[in-house]
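An overview of the molecular structure
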Amino acid sequence: MLTIAAALEQGTKLLEEAAVSAPRLTAEVLLAHATHGDRAWLYAHSTDELREVWWIHYGRYLNERMNGKPTQYITRKQEFYGREFVVGPGVLIPRPETEHVVETALEKLAGTREGAVVDVGCGSGAIAITVALEAGRHCSATDISAEALRIAAKNRDKLHAPVALAQCDLLSAIADHTMALVVSNPPYVPAVDRSVLQREVRDYEPAVALFGGPDGLDIYRRLIGDAPRVLCRGGWIVMEVAYNAETAVRAMLAQSFSDVEMRTDLAGLPRVVAARLPG
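The shown structure was predicted, so the numbers you read here are calculated from the model rather than taken from an experiment. Per chain, residue numbering runs from 1 following the sequence as it is written. Reporting in this predicted model follows two pLDDT cut-offs: at least 70 for local features of residues, and 80 or more for side-chain atom pairs to be given and counted; totals over whole chains, interfaces and linings ignore these cut-offs and use all residues. Hydrogens and water molecules were not included; the side-chain quantities draw on all heavy atoms of the structure.

1. What about the pattern of salt bridges?
Just so we agree on the cut-off: What counts as a salt bridge is simple: a side-chain nitrogen of Lys or Arg found within 4 Å of a carboxyl oxygen of Asp or Glu. Starting at the N terminus, helices and strands are each numbered in turn, a helix being any DSSP run of H or I of at least four residues and a strand any DSSP run of E of at least two. Residue exposure (1.4 Å probe, protein chains only): buried if accessible area is under 20% of the type maximum, exposed if over 50%, otherwise partly exposed.
Summed over all chains, the structure comprises 24 salt bridges. Residues Arg 150 and Glu 147 are paired through a salt bridge, measuring 2.6 Å at the closest nitrogen-oxygen approach. Of the two residues, Arg 150 and Glu 147 both sit in helix α8 (residues 146-159), three residues apart, roughly one turn of that helix. A relative accessible area of 39% places Arg 150 in the partly exposed class.

2. As for the sheet that holds strand β9 (residues 270-276)
To keep things clear, this is the line we draw: A pair of strands is considered paired only if DSSP assigns at least 2 bridges between the two. Fitted lines through C-alpha atoms give the axes, limited to the stretch in contact for helices. The angle between two N-to-C directions lies from 0 to 180 degrees. Contact between two residues is taken to exist if any of their heavy atoms lie within 4.5 Å; hydrogens are not considered.
Pairing is mixed across the open sheet formed by seven strands, whose spatial order is β5-β4-β3-β6-β7-β9-β8. Two strands close off the open sheet at either side, each with one partner strand: β5 (163-167) and β8 (258-264). Neighbour-to-neighbour, the strand axes of this sheet turn through a mean angle of 15°, independent of strand direction. Taken together, the five bridges between strand β6 (residues 179-184) and strand β7 (residues 231-240) define a ladder with parallel strand orientation. Along β7, the bridge assignment pairs Val 183 with Val 238. Of the strands in this sheet, β3 (116-120), β4 (139-143), β5 and β6 touch helix α7 (residues 126-135), which is tilted by about 180° from β4. Seen against the sheet, helix α10 (residues 218-230) touches β3, β6 and β7 and runs at an angle of roughly 155° to β7.

3. Notes on the side chain of Glu 200
Heads up, the rule is: As used in this structure description, the phrase polar contact means that two N or O atoms lie within 3.5 Å; if the pair is within protein, one of them must be able to donate a hydrogen and the other to accept it, and residues adjacent in sequence are counted only when both atoms belong to side chains.
Examined against the element boundaries, Glu 200 turns out to sit in helix α9 (residues 199-202). For Glu 200, a relative accessible area of 17% corresponds to the buried category. Only 3.2 Å separates the side chain of Glu 200 from the side chain of Arg 65, close enough to count as a polar contact. Contact partners of Glu 200, with chain neighbours within four places excluded, come to Arg 65, Gly 68, Pro 70 and Glu 205.

4. Looking at the pairing of β3
Formally: Here is how to tell: hold the view so the strands point away, follow the path from the first strand over the helix to the second, and if it runs clockwise the crossover is right-handed.
Here β3 lies mainly inside the structure; five of its five residues are buried. When β3 meets β6, the two strands line up parallel, connected through five bridges. Residue pairing across strands places Val 120 opposite Ser 184, the latter belonging to β6. In this view, the connection linking β3 to its parallel neighbour β4 by way of α7 has right-handed handedness.

5. Re the packing of helix α1 (residues 4-17) against helix α4 (residues 52-66)
Applicable threshold: Should an angle fall under 35 degrees it is taken as roughly parallel, and over 145 as roughly antiparallel, whereas 65 to 115 is taken as roughly perpendicular and any remaining angle as oblique. Crossing chirality is assigned from the near helix's rotation relative to the far helix, an anticlockwise turn below a right angle marking it left-handed and a clockwise turn marking it right-handed. Side-chain classes follow a simple rule in which Ala, Val, Leu, Ile, Met, Phe, Trp, Tyr, Cys and Pro form the nonpolar group, Asp, Glu, Lys and Arg form the charged group, and the remainder, Gly included, forms the polar group.
As a packed pair, α1 and α4 sit with axes 10 Å apart at the nearest point and diverge in direction by 15°. Viewed along their axes, α1 and α4 adopt a mutual orientation that is roughly parallel. The two elements α1 and α4 cross, and the hand of that crossing is right-handed. Residues Ile 4, Ala 7, Leu 8, Gln 10, Gly 11, Leu 14 and Leu 15 of α1 form the contact with α4, whose own contacting residues are Trp 54, Trp 55, Tyr 58, Leu 62, Arg 65 and Met 66. Here the contact of α1 with α4 is composed, by residue class, of ten nonpolar, two polar and one charged.

6. So, the packing of aromatic side chains
In plain terms, the rule: Any pair of Phe, Tyr and Trp rings, taking the six-membered ring for Trp, is counted once the centres come within 6.5 Å. Such a pair is stacked with planes under 30 degrees apart, edge-to-face with planes over 60 apart, and tilted for the rest. Think of it as a cone above the ring: NZ of Lys or CZ of Arg counts as a charge over the ring if it is within 6 Å of the ring centre and within 35 degrees of the ring normal.
Under the defined criterion, the tally for this structure stands at four aromatic pairs. An aromatic cluster of at least three residues, connected via ring pairs, comprises Phe 80, Tyr 81 and Phe 85. Directly above the aromatic system of Trp 236 lies the positively charged group of Lys 108, at a separation of 4.2 Å from the ring centroid.

7. Examining the environment of Cys 122
Position of Cys 122 relative to the elements: it lies in the loop between β3 and α7. Excluding residues within four positions of it along the chain, Cys 122 makes contact with Ala 141, Thr 142, Asp 143, Leu 149 and Ala 152.

8. Describing α7
The element α7 is extensively covered by neighbouring structure, given that seven of its ten residues are classed as buried. Where α7 terminates, the next one or two residues include Gly 136, which has phi positive at roughly 65°.

9. Some details on the packing of α1 against helix α2 (residues 23-35)
Between two packed helices, both the angle of their axes relative to each other and the distance between the axes serve to describe the pair. Taken N-terminus to C-terminus, the directions of α1 and α2 make an angle of 130°; their axes are 8 Å apart at the nearest point. By the criterion of interaxial angle, the relationship of α1 to α2 is oblique. Read as a crossing pair, α1 and α2 show a hand that is right-handed. Residues Ile 4, Ala 7, Leu 8, Glu 9, Gly 11, Thr 12, Leu 15 and Glu 16 of α1 form the contact with α2, whose participating residues are Pro 23, Arg 24, Thr 26, Ala 27, Glu 28 and Leu 31. Classifying every residue of the contact of α1 with α2 gives seven nonpolar, three polar and four charged.

10. Considerations on the nonpolar core
The condition that has to hold: The nonpolar core is taken to be a set of buried Ala, Val, Leu, Ile, Met, Phe, Trp, Tyr and Cys residues, with the residues joined through side-chain atoms within 4.5 Å.
Ranked by size, the top nonpolar core spans 30 residues in total, and within it Tyr 220, Ile 224, Ile 237, Met 239, Val 249, Leu 253 and Phe 257 carry the most contacts. Among the secondary structure elements, those contributing two or more residues to this core are β3, β6, α10, β7, α11 (246-253) and β9. Top contributing element to this core by residue count: α10, with six residues. In contact with Ile 224, not counting residues within four places along its chain, are Ile 237, Met 239, Val 249, Met 252, Leu 253 and Phe 257. Ranked by size, the runner-up nonpolar core spans 28 residues in total, among them Val 101, Ala 126, Ile 127 and Ala 152.

What follows is the structure in structure tokens.
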């Protein structure tokens, strides 16, 4: 008889041998997903026999993870800002660091009276949905990917968020001077860095959400260039930035924006930039 405890031990060992990070935690998450329980349930039932159907699913999940598939794409979920979001291979997995983008956006929105919010390159919708729910403000969300918008719609409907979705290139579907805030976690990995990315990122997450051209700055150039058109006077742009892109992004913003601020993450690295349209 294979117990739940024994299955956890076996899974942990396999993941360790495959050099998967956090093998014990990963084994727990995958077995919980296979049993439709949670990690606490696993330990409360550690001596229970593992059902055959659970073992079949657990084995498949372990194999997928050992081959590089991210855990979040296996379980189809990721927590962000205290909420559970549906994710899949068509969208970037929301990172904890991106919560700094939301915090900055909420701070800037608190000082605005008119205009809505647009999340550019929304992916799963994590930023737009979180801002809409936390600020009680209507948001728009754009993405060039139909698959990303399908997943964002699932999250919007599940979390009952006032978010309108539009398939378009960056801000092309947004009317002039209608937004109090433009927010984005744009693709910013230089194309030349593809080979040095973790295989979980390189082989599974969508390239359109990762790579920002030869130097990683293509989307910043286009987004910063068009943002003044859609912003109300005094509106803000808030973006996640690559750790080494601060100087370049500051220079771009200085051409049309004022009050440029750079926020660091918990590691002390530049993470979020905010700037205000004069007026």
